[in-house]
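Reading the structure
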Amino acid sequence: MIYPAKTFDFPKVPFVFIRHGETDANKAEIIAGSSEPPLNNAGREQARAIAPLMAMGKWQAVYVSPQDRARKTAELVLPDYELHILDGLRERHWGDLEGRPISEVCSRFDTPPNGEGFDAMCQRVSFAMQTALAGVSDRLTVVVAHSGVGRCILYMTGFDAEGPRISNATPILFRPTGAGWEYENLTEDLIREISA
C-alpha cells in the first residue's frame, strides 16, 4: 500500500536540494542504490562548477547523506561549511536490482525483491527532513543526497515521483506556497531574493 503524500509530515520550510555529482553508475545507467560508486571526474567537475553559485548564499546548515558520493559532492560544493550527516538521507536500497540496468527498475511504488519499499523510504526521508529543517531561521538549509531522496521529496511536496530524475549537481530551491509547493533551479537572482 502506498500512503498518500499528505500522510507524511513534511515541514513547510524552504530549502535547497542538491543531488550528488555523476558517478560511473549514473553514466552507465546502472542502479546504484546502497552501493558506493564514487564520483567520477565529471561528477567532481559538476560539483566544483556550482560551488561559486552556492558560495553566494549564507546557509543555515548543510545536511548530507552518509554515502560517499553525496558527502564528496557536499565537500566540493560547500567547503567552508560543517556537514551534518543524516542516515535517513541515504539512497533507496534496491535489493536484487542493484547493479542492474535502470531499464529494469520496477515502478517507484513497488517494493523491489529484497529491497526497500517507497513508503518506508519516504518515512525515513520525512524524519530526516524534519531534523534538517528544525530551527531554521532567516537562512535556508542545504540538503545533499540522491535521486531517490529527491523523488521522495517531490512526492511529499505534491509532485510526481515517477517523473524525470533530478539532474546531478543541480541546486533546486523548494518553497512552500499558499496552495502547496513550488520548485525551480537555483539562480543568482533567487539567491539574492532569499538572502534579502
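Residues numbered from 1 in each chain as written. Predicted model: local features only at pLDDT ≥ 70, side-chain atom pairs only at ≥ 80, totals over all residues. Heavy atoms only, no water.

In the annotation of an unreviewed UniProt entry, the entry for the protein chain reads Probable phosphoglycerate mutase/uncharacterized phosphatase, and the organism field reads Thalassospira xiamenensis.

1. Comments concerning the side chain of Gln-67
Relative to the helices and strands, Gln-67 resides in the loop between β2 (61-64) and α3 (68-77). Exposure remark for Gln-67: the relative accessible area of 5% places this residue in the buried category. Looking at Gln-67, its side chain comes within polar contact range of the main-chain nitrogen of Glu-91, at 2.7 Å. With residues up to four places along the chain from it excluded, the contact list for Gln-67 reads Gly-33, Ser-34, Ser-35, Glu-36, Arg-90, Glu-91 and His-146. (Helix = DSSP H or I, 4+ residues; strand = E, 2+ residues; numbered from the N terminus. Buried < 20%, exposed > 50% of the residue type's maximum accessible area, 1.4 Å probe, protein only. Polar contact = N/O pair within 3.5 Å; in protein donor to acceptor, adjacent residues only side chain to side chain. Contact = heavy atoms within 4.5 Å.)

2. A few points about helix α6 (residues 188-195)
Within α6 the residues assigned to the buried category are Leu-190, Ile-191 and Ile-194. Buried residues along α6 cover an arc of 100° about the axis, so they all sit on one side. (Arc of directions from axis to C-beta.)

3. Considering α3
Looking at α3, one finds that the buried residues are Asp-68, Arg-69, Ala-70, Thr-73, Ala-74 and Val-77. Of the surrounding elements, those touching the buried residues of α3 are β1 (15-19), α2 (41-55), β2, β3 (83-85) and β4 (141-145).

4. Thoughts on the side chain of Arg-151
Relative to the elements of secondary structure, Arg-151 occurs in helix α5 (residues 147-156). No salt bridge forms around the buried Arg-151; measuring N to O, its nearest opposite-charge neighbour Glu-162 is 5.5 Å away. A polar contact is formed between the side chain of Arg-151 and the backbone oxygen of Gly-163, at a distance of 2.6 Å. Setting aside residues up to four positions removed in sequence, Arg-151 forms contacts with Arg-108, Phe-118, Ala-161, Glu-162, Gly-163, Pro-164 and Arg-165. (Lys, Arg positive; Asp, Glu negative; His and termini not counted. Salt bridge = Lys/Arg side-chain N within 4 Å of Asp/Glu carboxyl O.)

5. What about the packing of helix α4 (residues 118-132) against α5?
Two numbers describe how α4 lies on α5: the axes approach to 9 Å, and their chain directions differ by 85°. The orientation of α4 relative to α5 falls into the category roughly perpendicular. Residue-level contacts link Phe-118, Met-121, Cys-122, Val-125, Ser-126 and Met-129 of α4 to Gly-148, Val-149, Arg-151, Cys-152, Ile-153, Tyr-155 and Met-156 of α5. Tallied by class, the residues present in the contact of α4 with α5 amount to 10 nonpolar, two polar and one charged. (Axes fitted to C-alpha atoms, helices over the stretch in contact; angles between N-to-C directions. Parallel < 35°, antiparallel > 145°, perpendicular 65-115°, else oblique. Nonpolar A, V, L, I, M, F, W, Y, C, P; charged D, E, K, R; others polar.)

6. Digging into the environment of Asn-114
On the secondary structure map, Asn-114 appears in the loop between β3 and α4. Spatially, the C-alpha atom of Asn-114 lies 28 Å from that of Lys-72, the residues being 42 residues apart in sequence. In contact with Asn-114, other than residues within four places in its own chain, are His-93, Gly-95 and Asp-96.

7. Examining the packing of aromatic side chains
Inspection of every chain in the model, using the stated rule, returns nine aromatic pairs. Centroid distance Phe-174 to Tyr-183: 5.3 Å. Interplanar angle 15°. Geometry classified as stacked. Classification of Phe-174 as buried rests on a relative accessible area of 0%. Tyr-183 gets classed as partly exposed once you look at its relative accessible area, which sits at 39%. When the ring centre of Trp-94 is taken as origin, the NZ or CZ atom of Arg-92, which lies over that ring, is 4.2 Å away. (Phe/Tyr/Trp six-rings, centres within 6.5 Å; stacked < 30°, edge-to-face > 60°. Lys NZ or Arg CZ within 6 Å of the ring centre and 35° of its normal.)

8. Topic: the sheet that holds β3
With respect to topology, six strands assemble into an open sheet ordered β3-β2-β4-β1-β5-β6, the strand pairing being mixed. In this open sheet, the two edge strands, each paired with only one partner strand, are β3 and β6 (181-185). Adjacent strand axes in the sheet meet at a mean angle of 25° when their direction is disregarded. Pairing of strand β5 (residues 172-176) with β6, which is carried by five bridges, proceeds in the antiparallel orientation. Looking across to β6, one finds that Leu-173 is bridged to Glu-184. Taken strand by strand, α4 contacts β1, β2 and β4, and its axis lies near 150° from that of β4. (Pairing = 2+ DSSP bridges.)

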